[in-house]
Amino acid sequence: MTIYKATRAFPAEKTFRLTSQMRRAAVSITSNIAEGFSRHSLKEKLYFYNTACGSLIELQNQIIISYELGYLKRLRRC
């Protein structure tokens, strides 16, 4: 995963804070999409897809913070 590679170079004191949060958010995104895909009702699917979207926004914010702190060298916009 890109987030795991990118956070390897973060300062050691950030390993259990920002790095951990970013990695958990990245895993949460794909996990919730997979969970939603397996559900049969639209209501259940939307619940998990919305949760994934929330984790995506959280990760986006953490990437911006990491960039502003100088931990990431560049931001790639989609």
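The structure displayed is predicted, hence computed values, not measured ones.

Caption draft 1: Focus on the nonpolar core. By size, the foremost hydrophobic cluster in this structure holds ten residues: I3, F10, L18, M22, A25, A26, I29, L59, Y71 and L72. Ranked by the residues each element gives to this core, the list is headed by helix α2 (residues 15-38), at five residues. Residue contacts for F10: discarding those within four places in its chain leaves L18, T19, M22, S66, Y71 and L72.

Caption draft 2: Helix α3 (residues 42-68), seen in detail. Over its 27 residues, α3 runs 39 Å from end to end, which matches the ideal 39 Å to within 8%, given 1.5 Å per residue. When α3 is considered as a whole, its buried residues turn out to be K45, F48, A52, S55, L59, Q62 and S66. Just downstream of α3 lies G70, where phi reads positive at about 90°.

Caption draft 3: Quick look at the packing of aromatic side chains. Applying the stated criterion to the full structure yields two aromatic pairs. An angle of 45° between the planes, with centres 5.3 Å apart, marks the rings of F10 and Y71 as tilted. Residue F10 is located in the loop between α1 (2-7) and α2, and its partner Y71 is located in the segment after α3; the two are separated by 61 residues in the primary sequence. Of the two residues, F10 and Y71, both sit in the buried class. Between the aromatic rings of Y47 and F48, the centroid separation amounts to 5.1 Å while the plane-to-plane angle is 85°, which identifies the pairing as edge-to-face. You can call F48 buried: its relative accessible area is 14%. Over the aromatic face of F37 sits the side chain of K45, whose NZ or CZ is 5.6 Å from the ring centroid.

Calculation criteria
Residues numbered from 1 in each chain as written. Predicted model: local features only at pLDDT ≥ 70, side-chain atom pairs only at ≥ 80, totals over all residues. Heavy atoms only, no water. Core = buried A, V, L, I, M, F, W, Y, C linked by side-chain atoms within 4.5 Å. Buried < 20%, exposed > 50% of the residue type's maximum accessible area, 1.4 Å probe, protein only. Helix = DSSP H or I, 4+ residues; strand = E, 2+ residues; numbered from the N terminus. Contact = heavy atoms within 4.5 Å. Expected span 1.5 Å × (residues − 1). Phe/Tyr/Trp six-rings, centres within 6.5 Å; stacked < 30°, edge-to-face > 60°. Lys NZ or Arg CZ within 6 Å of the ring centre and 35° of its normal.

Structural measurements only, silent on function.
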